[in-house]
Amino acid sequence: MPSSTDFSLNHSRFIRIAAALLIGPDGRTLLVRKRGTTAFMQPGGKIEPHELPVHALARELEEELGLDIDPAQAVYLGHFSAPAANEPGFVVHAELFQLNIDSDVTPEAEIEEVIWIDPVTDGGVSLAPLTRDLILPFYRASLTAIA
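The present account deals with the structure reproduced in this document. (Residues numbered from 1 in each chain as written. Predicted model: local features only at pLDDT ≥ 70, side-chain atom pairs only at ≥ 80, totals over all residues. Heavy atoms only, no water.)

**Quick look at a negative patch on the surface**
- There is a patch of like negative charges on the surface, built from Glu-62, Asp-68, Asp-70 and Glu-108.
- With respect to the helices and strands, the residue Glu-108 is situated in the loop between strand E5 (90-100) and strand E6 (111-117).
- On the accessibility criterion, Glu-108 (35% relative accessible area) is partly exposed. (Patch = residues over 30% accessible without salt bridge, like charges linked within 9 Å, V, L, I, M, F, W, Y side chains within 5 Å. Areas by Shrake-Rupley, 256 points an atom, 1.4 Å probe, with all protein chains shown as cover. Salt bridge = Lys/Arg side-chain N within 4 Å of Asp/Glu carboxyl O. Lys, Arg positive; Asp, Glu negative; His and termini not counted. Charge placed at Lys NZ, Arg CZ, Asp CG, Glu CD. Helix = DSSP H or I, 4+ residues; strand = E, 2+ residues; numbered from the N terminus. Buried < 20%, exposed > 50% of the residue type's maximum accessible area, 1.4 Å probe, protein only.)

**Here we look at unusual backbone geometry**
- Residue His-50 is not a glycine yet carries a positive backbone phi of 65 degrees.
- As for its position among the elements, His-50 is in the loop between strand E3 (44-46) and helix H2 (53-65).
- Judged by its relative accessible area of 88%, His-50 is exposed.
- Positive phi, close to 50 degrees, is recorded for Ala-109, a residue that is not glycine.

**As for the packing of aromatic side chains**
- Considering all chains together, one arrives at two aromatic pairs under this definition.
- Plain terms: the ring middles of Phe-80 and Phe-138 are 5.3 Å apart, the flat faces sit at 75 degrees to each other, and that makes the pair edge-to-face. Linking Phe-80 in strand E4 (residues 75-83) with Phe-138 in helix H3 (residues 129-146), this pair joins segments that are 58 residues apart in sequence.
- Among the residues examined, Phe-138 registers a relative accessible area of 31% and is labelled partly exposed. (Phe/Tyr/Trp six-rings, centres within 6.5 Å; stacked < 30°, edge-to-face > 60°.)

**So, the pattern of salt bridges**
- The final tally for this structure, using the stated rule, is seven salt bridges.
- The salt bridge involving Glu-112 is made with Arg-33; its shortest N-O contact spans 3.5 Å. Of the two residues, Glu-112 sits in strand E6 while Arg-33 sits in strand E2 (residues 29-34), which places them 79 residues apart along the sequence.
- Since its relative accessible area comes to 40%, Glu-112 is described here as partly exposed.
- Take Arg-33: its relative accessible area is 12%, and that puts it in the buried class.
- A salt bridge links Arg-59 to Glu-51, with the shortest nitrogen-to-oxygen separation between them at 2.9 Å.
- Its relative accessible area of 23% is what places Arg-59 among the partly exposed residues.
- Members of the salt-bridge network, linked through shared partners, are Glu-51, Arg-59, Glu-60 and Glu-63.

**Looking at the nonpolar core**
- Grouped together as the largest cluster of nonpolar side chains are 23 residues, with contacts concentrated most on Leu-22, Leu-57, Leu-61, Leu-65, Leu-67 and Leu-99.
- Mapped by element, the contributors of at least two residues to this core are strand E1 (13-23), E2, H2 and E5.
- It is H2 that provides the largest number of residues to this core, a total of six residues.
- What Leu-99 contacts, discounting residues up to four positions off in sequence, is Leu-21, Leu-22, Ile-23, Leu-57, Leu-61, Ile-69, Gln-73 and Ala-74.
- Residues Ile-17, Ala-19, Leu-130 and Ile-135 belong to the second largest nonpolar core, which totals 14 residues. (Core = buried A, V, L, I, M, F, W, Y, C linked by side-chain atoms within 4.5 Å. Contact = heavy atoms within 4.5 Å.)

The structure is reproduced here in structure tokens:
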């Protein structure tokens, strides 16, 4: 018999996104905050129908940060899911890619603020559940594994 958790997951509304773990030369990671919100998160956005996740990522990074990336340089890290930060009742399904960048970014489109944080901390800011509970711990674990 399905548990109440199974029921809520099966009846949740989903948002399918491509997200970037952008890493600077010093190992810090870039987070963004959308206009009118409080939580910082990975840059990225919704995947359009019939669009490959890596192409959605390239499009979103260009729109949000003026960052022109080569999709071939994006390393696929996996699929991560968490409650959406800004849409109550929704679950975010993220295809996560890592990109090392050494260029300036500028908040554009719906992005109000960008920050670089040390991945071993929370940056002292409010974080989206996906970032706080899954992506930053994943990145920290990868740093420990190679140390």
